[in-house]
There are 2 protein chains.
Amino acid sequence: MAASRNHPAIRRVAIFGGTHGNELSGVFLVKHWLKHGGEIARPGMEVRPFITNPKAVEKCVRYIDTDLNRVFDSQSLSNDHAGKVPYEIEQAQKINSIFGPKGSTDAYDVILDLHNTTAHMGATLILENSKDVFTIQMCKYIQKSMAPEPCAVLLIEHPGVKYATTRSIAKHPIGVEVGPQPHGVIRADILHRMRNVVKYAVDFMQYFNEGTEFPPCSIEVYKVLEKIDYPRNDSGDLAGIIHPNLQDQDWKPLNPGDPMFITMDGKVTCYEGENTVYPTFVNEAAYYEKNQAFAKTEKVTLTAQSIHCNSI
Amino acid sequence: MAASRNHPAIRRVAIFGGTHGNELSGVFLVKHWLKHGGEIARPGMEVRPFITNPKAVEKCVRYIDTDLNRVFDSQSLSNDHAGKVPYEIEQAQKINSIFGPKGSTDAYDVILDLHNTTAHMGATLILENSKDVFTIQMCKYIQKSMAPEPCAVLLIEHPGVKYATTRSIAKHPIGVEVGPQPHGVIRADILHRMRNVVKYAVDFMQYFNEGTEFPPCSIEVYKVLEKIDYPRNDSGDLAGIIHPNLQDQDWKPLNPGDPMFITMDGKVTCYEGENTVYPTFVNEAAYYEKNQAFAKTEKVTLTAQSIHCNSI
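Remember, it's a predicted structure, so these values are computed and weren't measured experimentally.

**Some points on the sheet that holds strand 6 (residues 151-155) of chain B**
All names here are of chain B.
In step 1: The sheet built from 9 strands is open, its strands ordered 3-2-4-7-5-6-8-13-12 with mixed pairing. The strands lining the two open edges of the sheet, one partner per strand, are strand 3 (46-51) and strand 12 (278-280). Direction aside, neighbouring strands of the sheet carry axes that sit 35 degrees apart on average.
In step 2: Taken together, the 6 bridges between strand 2 (residues 12-17) and strand 3 define a ladder with parallel strand orientation. Within strand 3, the residue paired with Ile15 across the bridge is Pro49.
In step 3: Across the sheet, helix 5 (residues 133-146) is in contact with strand 4 (110-116), strand 5 (122-127), strand 6, strand 7 (172-179), strand 8 (217-228) and strand 13 (294-304); its angle to strand 8 comes to roughly 100 degrees.
In step 4: Sitting on the sheet, helix 6 (residues 188-209) touches strand 2, strand 3, strand 4, strand 5 and strand 7, and the angle it makes with strand 4 is about 170 degrees.

**Regarding the pattern of salt bridges**
Residues and elements named next belong to chain A.
In step 1: Under the criterion given, the structure shown has 30 salt bridges over all chains.
In step 2: With a shortest N-O distance of 2.7 Å, Glu39 and Arg195 are connected by a salt bridge. Of the two residues, Glu39 is situated in the loop between helix 1 (24-35) and strand 3 (46-51) and Arg195 in helix 6 (residues 188-209); the sequence distance between them amounts to 156 residues.
In step 3: Its relative accessible area of 32% is what places Glu39 among the partly exposed residues.
In step 4: Ionic pairing is found between Arg42 and Asp203, a salt bridge with its closest N-O pair at 2.7 Å. In this pair, Arg42 sits in the loop between helix 1 and strand 3 while Asp203 sits in helix 6, placing the two residues 161 residues apart along the sequence.
In step 5: For Arg42, a relative accessible area of 12% puts it in the buried group.
In step 6: Overlapping salt bridges, with partners in common, bring together Glu23, Arg62, Asp67, Arg70 and Lys290 in one network.

**Overview of the packing of aromatic side chains**
Each aromatic ring pair is described using two quantities: the centre-to-centre distance and the angle formed by the ring planes.
In step 1: Taken as a whole and assessed by the stated rule, the structure comprises 32 aromatic pairs over all chains.
In step 2: On the basis of an interplanar angle of 70 degrees and a centroid distance of 6.2 Å, the ring pair of Tyr141 of chain B and Tyr207 of chain B is categorised as edge-to-face. In this pair, Tyr141 of chain B is assigned in helix 5 and Tyr207 of chain B in helix 6, connecting sequence segments 66 residues apart.
In step 3: What makes Tyr141 of chain B buried here is its relative accessible area of 19%.
In step 4: The class for Tyr207 of chain B is partly exposed, based on a relative accessible area of 31%.
In step 5: Through a chain of ring-to-ring contacts, the aromatic side chains of Phe134, Tyr141, Phe204, Tyr207, Phe208 and Phe214 of chain A assemble into a single cluster.
In step 6: Between the NZ or CZ atom of Arg70 of chain A and the centre of the ring of Tyr163 of chain A, over which it lies, the distance is 3.6 Å.

**Topic: the relation of the copies chain B and chain A**
Between the two chain copies there is a screw-like relation: a rotation about an axis and a shift along it.
In step 1: Overlaying chain B with chain A gives an RMSD of 0.0 Å, the required rotation being 180 degrees about an axis along which the chain moves by 0.0 Å. Classification of the inter-copy transformation places it as that of a two-fold axis. When C-alpha positions in chain B are compared against the rotation axis, the closest is assigned to Pro182 of chain B, at 2.3 Å.
In step 2: When the interface residues of chain B are mapped onto chain A, 100% of them again fall at the interface, so both copies present the same face.

**Observations regarding the interface of chain B and chain A**
In step 1: Contacts between the two partners involve 29 residues from chain B, matched on the other side by 29 residues from chain A.
In step 2: Summed over both partners, the interface of chain B with chain A comes to about 2,500 Å²; 62% of that surface belongs to carbon and sulfur atoms.
In step 3: Broken down residue by residue, the surface that chain B buries against chain A is led by Phe28, Ile241 and Met264 of chain B, which jointly contribute 27%.
In step 4: Between the two partners, chain B and chain A, sit 2 salt bridges.
In step 5: Here Arg187 of chain A makes a salt bridge to Asp248 of chain B, at a shortest N to O gap of 2.8 Å.
In step 6: Between the two partners, chain B and chain A, sit 8 residue pairs in polar contact (both at pLDDT 80 or more).
In step 7: Where the side of chain B that touches chain A is concerned, the elements lending two or more residues are helix 1 (24-35), helix 6 and strand 9 (241-242) of chain B.
In step 8: For the side of chain B that touches chain A, the leading source of residues is helix 1 of chain B, giving 5 residues.
In step 9: Grouping the amino acids of the side of chain B that touches chain A by side-chain chemistry returns 14 nonpolar, 8 polar and 7 charged.

Conventions and cut-offs
Residues numbered from 1 in each chain as written. Chains lettered and ligands numbered in written order. Predicted model: local features only at pLDDT ≥ 70, side-chain atom pairs only at ≥ 80, totals over all residues. Heavy atoms only, no water. Pairing = 2+ DSSP bridges. Helix = DSSP H or I, 4+ residues; strand = E, 2+ residues; numbered from the N terminus. Axes fitted to C-alpha atoms, helices over the stretch in contact; angles between N-to-C directions. Contact = heavy atoms within 4.5 Å. Salt bridge = Lys/Arg side-chain N within 4 Å of Asp/Glu carboxyl O. Buried < 20%, exposed > 50% of the residue type's maximum accessible area, 1.4 Å probe, protein only. Phe/Tyr/Trp six-rings, centres within 6.5 Å; stacked < 30°, edge-to-face > 60°. Lys NZ or Arg CZ within 6 Å of the ring centre and 35° of its normal. Least-squares fit on C-alpha atoms with pLDDT ≥ 70 in both. Buried area = accessible area lost by both parts, 1.4 Å probe. Polar contact = N/O pair within 3.5 Å; in protein donor to acceptor, adjacent residues only side chain to side chain. Nonpolar A, V, L, I, M, F, W, Y, C, P; charged D, E, K, R; others polar.

Here's what the structure looks like:
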């Protein structure tokens, strides 16, 4: 029998909403839980809902000065800034002082950061570290609980693509991305799916704290390979848009020769890679400005040894 | 045989995109036609594509200071403004000087204003005047050309709901609203639908100018009755969201007793009216701030006598 891994009890958990102020499922859920926390409360554990970008929420925009979900690097989090500090940098420092400091033993154990996407990704868990046994076990538990509805796991562990997320200050960060939903809209079906993901996540932590041993497991994840931009003209304007065959096809195989983009004149750009890849974040509204039409991923299997709580 | 109505030839037509800067089908089409106008050019007729809110387009937001599609009233269009004038008021005056003046014989004959919605409305034509025989005939032609795909006609002729649209400066204004599409996103399927509507509209005007007589016709339209707001708490925040049974059900009957909204606790608000109505603009992102969850409409039949061009 494989050796079981001891892991300390989970004592402090945060649920972040409004990191992007126009992604409304998380905003609405977190605002609800701030008034009615019973649904996410669990014995022996602080579960703290928190609106991370209140000004962006108030204006129902993604951000005020800069994307909050890209500024949790050591330079931005230091106080060493000259001149006027962008709102989100100030806010990142504040969040880091409450839930971090990032990388320290004082940091929160788990942060679930709630996001929406205009892409047809369904419920998706975003994992930052392929070696984080605790989070892999949590993803496995959430996937099993969500079944038969799919719940993909996206691994963003890639030097060229990884970014300094808001949740990255926790010991175990996990992004929750649910779509399709237009930004600025709340759909009941998407809200329900996100609410279930959070419920299963806190259930998992409760059972873990109570002594449940989670056996060795493996999960299939989509590992980010590369961002793909739209075709653009010399001025940087779009010269092509997502081909109808690729639209809404997140997580489906994109094979060599398959269409990716189409121009106004009907000219098609096809995928010329050698291997089948799995697109995700296809036609996400917020990524036009980030020069990303979709991200290519490959399927990878991650394994985790069994875990149990060493505080029992 | 019913008397045919003489109508002057159509000489000046404008196609507006970007009245809301984040409704991207119209922005993308108009930008394309500014460079490659052949697709919409027709003999004997000026067809002028125009970006109405360039600053909002550049920032990919609905508007900069105020909604451009609400300020074409006589007060806003007059030059009698004290202090700093909002960007969209300036822009409205400029547009009125080029394509109007509103209500004058110098005004453009036809303006098609291109919009997107997050609601599942499909291709929709918005009509402002139930007596405008020429525009009713054009709607009929577009509907027949789009078949078997539906193309609804929304009549906004209602004192409490009608607003001073950008297109209202034309003799024959027509709104083109295509969805569902998240704001800030371009979908190929939605673009294709909007492009077809415009093509059929300019085809109609060409055939009319060339002497085709269009026989008497009738069309079924959805006439706006009332805006319905979300349930809200004392602070004005949403207390409920669109019920899953109503989501994506634009133009479908809403019968007395049918659910409209649901709260986080599962409490359902039902429709208590006496008559079946037909909701539209269900869960449109831009209407949260306008206190509108959807609009109730009723089905009405409009008739138009035959028309032919008196310049032949």
